[in-house]
Amino acid sequence: MKENRLGINLAGLKLQNPTMLASGILGYTTETFKNIADGGAGAIVTKSVGLKPRSGYANPTVTQTNCGLINAMGLPNPGIEEFAKEISETKNVLHIPLIVSIYGFTAEEYATVAKKAATAGADAVELNVSCPHVKETGSEIGQKAEILKEVIKKVKAAVPKPVFVKLSPNVTSIMEIAEASVDAGADVITAINTVKAMAIDVETAKPILSNKVGGLSGPAIKPIALRCVYEIYQHVNVPIIGCGGITNWHDAVEFLLAGASAIQIGTAIATKGSNIFKAITRGIDAYLKRKGFRSVDEIVGLSHKS
Ligand code: DHB
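Residues numbered from 1 in each chain as written. Predicted model: local features only at pLDDT ≥ 70, side-chain atom pairs only at ≥ 80, totals over all residues. Heavy atoms only, no water.

The next point concerns the nonpolar core. Grouped together as the largest cluster of nonpolar side chains are 100 residues, with contacts concentrated most on Met20, Leu127, Val165 and Leu167. Per-element tally for this core: the top contributor is helix 3 (residues 107–120), with 7 residues. Look past the residues within four positions of methionine 20 in its chain and what remains in contact with it is Leu10, Leu15, Ala43, Val45, Ile99, Phe164, Ile241, Ala262, Ile263, Gln264, Ile265 and Phe277. (Core = buried A, V, L, I, M, F, W, Y, C linked by side-chain atoms within 4.5 Å. Buried < 20%, exposed > 50% of the residue type's maximum accessible area, 1.4 Å probe, protein only. Helix = DSSP H or I, 4+ residues; strand = E, 2+ residues; numbered from the N terminus. Contact = heavy atoms within 4.5 Å.)

Glancing now at unusual backbone geometry. Leaving glycine aside, a negative phi is the common case for residues, and trans is the common case for peptide bonds. Proline 60 follows asparagine 59 through a cis peptide bond whose omega is -10°. On the secondary structure map, proline 60 appears in the loop between strand 4 (43–45) and strand 5 (62–65). Residue alanine 191 is joined to isoleucine 192 through a cis peptide bond whose omega torsion reads 15°. Structurally, isoleucine 192 is set in the loop between strand 10 (188–191) and strand 11 (195–198). Residue alanine 11 is not a glycine yet carries a positive backbone phi of 50°. Even without a glycine there, the phi angle at glutamate 136 is positive, about 65°. Within the secondary structure, glutamate 136 sits in the loop between strand 8 (124–128) and helix 4 (139–142).

Moving on to the sheet that holds strand 5. With antiparallel pairing, the 4 strands of this open sheet are ordered in space as 5-6-14-11. Two strands lie at the open edges of the sheet, namely strand 5 and strand 11, each paired on one side alone. Pairwise comparison of adjacent strand axes, ignoring direction, gives a mean angle of 40° for this sheet. Strand direction decides the pairing type here: strand 5 and strand 6 (residues 68–71), joined by 4 bridges, are antiparallel. Counted as the bridge partner of glutamine 64 is leucine 69 from strand 6. (Pairing = 2+ DSSP bridges. Axes fitted to C-alpha atoms, helices over the stretch in contact; angles between N-to-C directions.)

Between helix 6 (residues 174–183) and helix 7 (residues 222–233), the least distance of the axes is 9 Å, while the angle of their chain directions is 50°. With respect to each other, helix 6 and helix 7 are oriented oblique. Taken as a pair, helix 6 and helix 7 cross one another with a handedness that is right-handed. Across the interface between the two elements, Ile174, Met175 and Ala178 of helix 6 pack against Arg227, Cys228, Glu231 and Ile232 of helix 7. Across the contact of helix 6 with helix 7, the residue classes break down as 5 nonpolar, no polar and 2 charged. (Parallel < 35°, antiparallel > 145°, perpendicular 65-115°, else oblique. Left-handed = near helix turned anticlockwise from the far one by under 90°. Nonpolar A, V, L, I, M, F, W, Y, C, P; charged D, E, K, R; others polar.)

Glancing now at the packing of helix 3 against helix 5 (residues 145–158). Between helix 3 and helix 5, whose axes approach to 8 Å, the crossing angle comes to 30°. With respect to their mutual orientation, helix 3 and helix 5 come out roughly parallel. Between helix 3 and helix 5 lies a crossing whose hand is right-handed. Of the residues in helix 5, those in contact with Ala107, Glu108, Tyr110, Ala111, Ala114 and Lys115 of helix 3 are Glu150, Val151, Lys154, Val155 and Ala158. Grouping the amino acids of the contact of helix 3 with helix 5 by side-chain chemistry returns 7 nonpolar, no polar and 4 charged.

This is the structure we're talking about:
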């Protein structure tokens, strides 16, 4: 049997390798998910879906900076009723875990959407409690430990599947928020979502994005995300997924050493295409082999050991 140094078990989900598609990057169709799976992803996280369809903000919704992208789409999505069909169809053709990202405006809404996603076949849900700019959801929930705990408890009570909680870096102490999440029952912590940011057009003297502020992603946020994973690892004992500006195997290994059990890739897909998952997996494998490790698990959190 061929040795697989790369397989991991994430709260009961079996991944062939520790790379995952980050939420928010690609649409909602089975076809796009299949393309990502063919590119070598170990698991997929969908764009965030809510109870009702939403058209999102007016254009422009994305702007490029010299260090990353700033986006403020406004959570456009087809609503869970419509998306449930795509979840079922995707599960019929895809053989890697499918994690559905969800949002709501109340704890009950999060729980309802989570239940519908799980019933349709989602292997886990990831709670978006960290979108930096849509009012009354996202980080407006994830920045307040008490409200966040209520959301997590309601979702946990509603679904028999693992609950991932994706945290915002736009907080005073991400460690306290991570601890509160785990107290409330979070099975996995995903860190981090985008960093609140903006860009201004000097000719018109106006903010570029229609929403004025958005979330920064890409290489600029990698050191911030890495620090967050490192800090969270010292305070919780559930698996952490590292996310934020990962572009190559070297970035991925840094996150594993900081304490991430898996990593998510988003913005880099725009420039490197879906085969980035295979490239990063090969790089991690070569690193493990060169250093004499037998599995990914052996290097998770290694930078904390003296
Ligand atoms: C959106 C942007 C984000 O950075 C995020 O975390 C969630 C949603 C959006 O604009 O749709």
